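Chain by chain, the residues run as shown.
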Amino acid sequence: MTSIADTAGTTGAAATPAAGRREPLATRLTGRLGGGAVRGFLLLVALFWLMPTVGLLISSFRHPTDIGTSGWWKVFSTPAQLTVNNYQDLLSDHAITSSLVNTVLITVPATLLVVVIGSLAGYAFAWMDFRGRDWLFLLVVGLLVVPIQIALLPVEHLFRDIGIFGQIIGVVLFHVGFGLPFAIFLLRNFFAEIPRELLEAARLDGASELRLFTQVIMPLGGPAIASLGIFQFLWVWNDMLVALIFSNSDSQPITVALQQQVRQFGNNVDVLAPGAFISMVIPLIVFFAFQRQFVSGVMAGAVK
């Protein structure tokens, strides 16, 4: 019969190598990632990444002569270079101001239509039974791999035939058509994870499909819908390829207007710098305004 002392000695001998075992290198490196040195390095990377934006902002307040003779960092030694004349010239440039209005008229409807139609279709694919539902959803998924470039010429001929080529509505419809497959795919998968018991309880209470969608699905799917809206807004606002083909001088957005300024007036920096900054800062404002909903949607999708 083994004694208690022998058992304790055996246990201690077996535990000694485990106690002296070193952690793997990857584990030790991961544990040190939260240190001050790493945070300082990440801060430097962030500042370096923001440097072009800061340079563009400072250049938008400098005189064109100063921009051509010295770098934007010279403003720290000679702050008298700063002026608001560039923005005054920008506001007096009809091509730039009208293009900003056109950008809003294109981006807002294209975003709202994709969110609304994508939400309704996502709910239908997730919780409504109809003939051919799975095959239709596979068709929507297949449309995700269709590149925009191969549809430019056929859609251009179609828009010419129906008389909307060169108009804002044509640009909006193109963005809606290519934004819907991703929207339906994203929202359908998110809505499908909602507990079935909630929908069954609402149906037992006499809720119609429309009321079920507006009072149950929409509040629970708010984070995913907000994320989709941000993605769609940024994509449409920053697009130049679609607008360059489907718009004309009366309907072109800010991206095309700035490209035309570069081609026609290569040294027109007093208009290009503030115009480019305004074109960039508005999407940033929208993103930070809905940042909480965006993060909630991403985290909810990760958990599901």
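How each quantity is defined
- Every chain is numbered on its own, with residues counted from 1 as its sequence reads.
- Thresholds applied to this predicted model are a pLDDT of at least 70 for local features of residues and 80 or more for the giving and counting of side-chain atom pairs; totals over whole chains, interfaces and linings are not thresholded and use all residues.
- Side-chain calculation: all heavy atoms of the structure are included, whereas hydrogens and water are not.
- Runs of H or I in DSSP of at least four residues are treated as helices and runs of E of at least two as strands, each being numbered from the N terminus.
- For the exposure calls, accessible area comes from a 1.4 Å probe over protein chains only, and a residue counts as buried if that area is under 20% of its type's maximum, exposed if over 50%, partly exposed in between.
- The contact rule is simple, with two residues in contact once any of their heavy atoms fall within 4.5 Å.
- Using a 1.4 Å probe, accessible areas were evaluated by the Shrake-Rupley method; residue-level cover was limited to the displayed protein chains.
- As a per-residue measure, pLDDT tells how confident the predictor is, with possible values from 0 to 100.
- Here an angle of 0 to 180 degrees is reported between the N-to-C directions of two axes, which are lines fitted to C-alpha atoms, with helices fitted over the stretch in contact.
- Put simply, angles under 35 degrees are roughly parallel, angles over 145 are roughly antiparallel, angles from 65 to 115 are roughly perpendicular, and the rest are oblique.
- Crossing handedness follows the turn of the near helix against the far one: under a right angle anticlockwise gives a left-handed crossing, and clockwise gives a right-handed one.
- Ten residues, namely Ala, Val, Leu, Ile, Met, Phe, Trp, Tyr, Cys and Pro, are considered nonpolar, four, namely Asp, Glu, Lys and Arg, are considered charged, and the remaining ones, Gly among them, are considered polar.
- For the purposes of these results, a polar contact is taken to be a pair of N or O atoms within 3.5 Å, where, inside protein, one atom must be able to donate a hydrogen and its partner to accept one; residues adjacent in sequence count only when each atom of the pair is a side-chain atom.
- Nonpolar core, defined: a set of buried Ala, Val, Leu, Ile, Met, Phe, Trp, Tyr and Cys residues in which side-chain atoms within 4.5 Å join the residues together.

## Notes on the overall build of the protein
- Looking only at helices and strands, the protein features 16 helices and 0 strands.
- For the protein, the proportion of its 304 residues judged to be buried stands at 34%.
- Partitioning the intrachain contacts of the protein with sequence separation of at least 6 by distance along the chain shows that 72% fall at a separation of at least 24.
- Only carbon and sulfur atoms are counted for the fraction: they give 69% of the accessible area of the protein, which is about 18400 Å².

## Concerning the confidence of the model for the protein
- Mean pLDDT over the protein: 80, with 82% of residues reaching 70 or higher.
- Segment residues 7-19 is flagged for pLDDT under 50; beyond a separation of four residues in sequence, or across chains, it makes 1 contact in the model.
- Note on residues 300-304: pLDDT is under 50 here. Beyond four places in sequence and across chains, it has 4 contacts.

## Brief notes about the packing of helix H9 (residues 168-191) against helix H12 (residues 222-238)
- For the pair H9 and H12, the least separation of the axes is 10 Å and the interaxial angle reads 160°. Our classification of the angle between H9 and H12 gives roughly antiparallel. Crossing handedness for the pair H9 and H12: right-handed. Contact with H9, carried on its side by His 175, Phe 178, Gly 179, Phe 182, Ala 183, Leu 186, Leu 187, Phe 190 and Phe 191, involves Ala 224, Ile 225, Leu 228, Gln 232, Trp 235 and Val 236 of H12 and no other residues of that element.
- Tallied by class, the residues present in the contact of H9 with H12 amount to 12 nonpolar, 3 polar and no charged.

## With respect to the packing of helix H6 (residues 94-127) against H12
- As a packed pair, H6 and H12 sit with axes 9 Å apart at the nearest point and diverge in direction by 145°. The way H6 lies across H12 gives a crossing that is right-handed. Side by side, H6 and H12 meet where Thr 103, Val 104, Ile 106, Thr 107, Ala 110, Thr 111, Val 114, Val 115 and Ser 119 of the first sit next to Ile 225, Leu 228, Gly 229, Gln 232, Phe 233, Val 236 and Trp 237 of the second.
- For the contact of H6 with H12, the per-class residue count stands at 10 nonpolar, 6 polar and no charged.

## Side note on the side chain of Ser 59
- Mapped onto the secondary structure, Ser 59 falls in helix H3 (residues 36-59).
- Of the residues examined, Ser 59 reaches a relative accessible area of 14% and is grouped as buried.
- There is a polar contact of 2.8 Å between the side chain of Ser 59 and the backbone oxygen of Gly 55.
- Sequence-distant contacts of Ser 59, defined by excluding residues within four places in its chain, comprise Ile 67, Trp 72, Asn 86 and Ala 273.

## With respect to the nonpolar core
- Judged by nonpolar contacts, the single largest core of 41 residues is most densely connected at Tyr 123, Trp 127, Phe 174, Phe 191, Leu 199, Ile 217 and Phe 246.
- The set of elements that each furnish at least two residues to this core consists of H6, helix H7 (133-143), helix H8 (152-162), H9, helix H10 (196-204), helix H11 (209-220), H12 and helix H13 (241-246).
- The element contributing the most residues to this core is H9, with 10 residues.
- Residues in contact with Phe 246, not counting those within four places in the same chain, are Leu 152, Val 155, Glu 156, Phe 159, Phe 165, Gly 166, Gln 167, Val 171 and Phe 174.

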